[in-house]
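Each chain, letter by letter, is given below.
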Amino acid sequence: MTLGQMIDSNYTMRVYCEESGCNARADIDLDGLAQRLGRDHGAMHDDLKIKFRCGRCGSRKISFRIDPN
């Protein structure tokens, strides 16, 4: 699935910090991400993981959750 397909299908995505004791989370602006990376960029974990880090602790130990609306 691509970012464009997720947007067109009205999905939401959150990123979660998996660092022990942090547990921060944030909603991802899919439209903004697609503007930066392109609508055809992959939306799977391995395609995006290197682009994110926790805003609270700086860890790269993150996971994504995707939900249909």
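All values reported here derive from a predicted model rather than from experimental measurement.

K.L.:
Got a minute to help me understand the overall build of the protein chain in this structure?
P.N.:
In terms of regular secondary structure, the protein chain is built from three helices and three strands. Helices and strands in the protein chain line up, N terminus first, as α-β-β-α-α-β. Rg of the C-alpha trace for the protein chain: 12 Å, near the compact-globule value of 11 Å for 69 residues, within the 12% margin. Along the first, second and third principal axes, the C-alpha atoms of the protein chain reach 35 × 25 × 20 Å. Expressed as a percentage of the 69 residues in the protein chain, the buried residues total 36%. Partitioning the intrachain contacts of the protein chain with sequence separation of at least 6 by distance along the chain shows that 61% fall at a separation of at least 24. Total accessible area computed for the protein chain in this model is approximately 4600 Å², and 42% of it derives from carbon and sulfur atoms. Side chains of the protein chain carry 11 positive and 10 negative charges; the gap between the two charge centres is 7 Å.

K.L.:
Could you clarify how one ought to interpret the nonpolar core in this entry?
P.N.:
Nonpolar side chains in soluble globular proteins tend to be buried together. If you look at the biggest cluster of nonpolar residues, it comprises 13 residues, and the most contacted ones within it are L3, M13, I28, L48, F52 and F64. Those elements that place two or more of their residues in this core are α1 (3–8), β1 (11–17), α2 (30–37) and β3 (62–68).

K.L.:
Would you take a moment to explain the sheet that holds β1 for this structure?
P.N.:
The strands making up a sheet are joined through hydrogen bonds of the backbone, oriented either antiparallel or parallel. On the basis of which strands lie adjacent, the open sheet formed by three strands has the order β2-β1-β3 and antiparallel pairing. What marks the edges here is a single partner per strand, and that holds for β2 (25–27) and β3. When strand polarity is set aside, the average angle formed by the axes of neighbouring strands in this sheet is 20°.

K.L.:
Can you help me understand the pattern of salt bridges in this one?
P.N.:
In a structure, side chains of opposite charge can pair up when their charged atoms sit close to one another. Within this structure, the stated rule accounts for two salt bridges. With a closest N to O distance of 2.8 Å, D8 and R39 form a salt bridge. Here D8, found in helix α1, pairs with R39, found in the loop between α2 and α3 (45–48); they are 31 residues apart in sequence, far enough to count as distant. Residue R14 is joined to D27 by a salt bridge in which the shortest nitrogen-to-oxygen separation is 2.5 Å. Taken together, the positions of R14 in strand β1 and D27 in strand β2 put the pair 13 residues apart, joining distant regions of the chain. A relative accessible area of 34% means that R14 is categorised as partly exposed. Looking at D27, the relative accessible area reads 56%, which means it is exposed.

Basis of the calculations
- Residues numbered from 1 in each chain as written.
- Predicted model: local features only at pLDDT ≥ 70, side-chain atom pairs only at ≥ 80, totals over all residues.
- Heavy atoms only, no water.
- Helix = DSSP H or I, 4+ residues; strand = E, 2+ residues; numbered from the N terminus.
- Rg over C-alpha atoms; globule rule 2.2 N^0.38 Å.
- Buried < 20%, exposed > 50% of the residue type's maximum accessible area, 1.4 Å probe, protein only.
- Contact = heavy atoms within 4.5 Å.
- Areas by Shrake-Rupley, 256 points an atom, 1.4 Å probe, with all protein chains shown as cover.
- Lys, Arg positive; Asp, Glu negative; His and termini not counted.
- Charge placed at Lys NZ, Arg CZ, Asp CG, Glu CD.
- Core = buried A, V, L, I, M, F, W, Y, C linked by side-chain atoms within 4.5 Å.
- Pairing = 2+ DSSP bridges.
- Axes fitted to C-alpha atoms, helices over the stretch in contact; angles between N-to-C directions.
- Salt bridge = Lys/Arg side-chain N within 4 Å of Asp/Glu carboxyl O.

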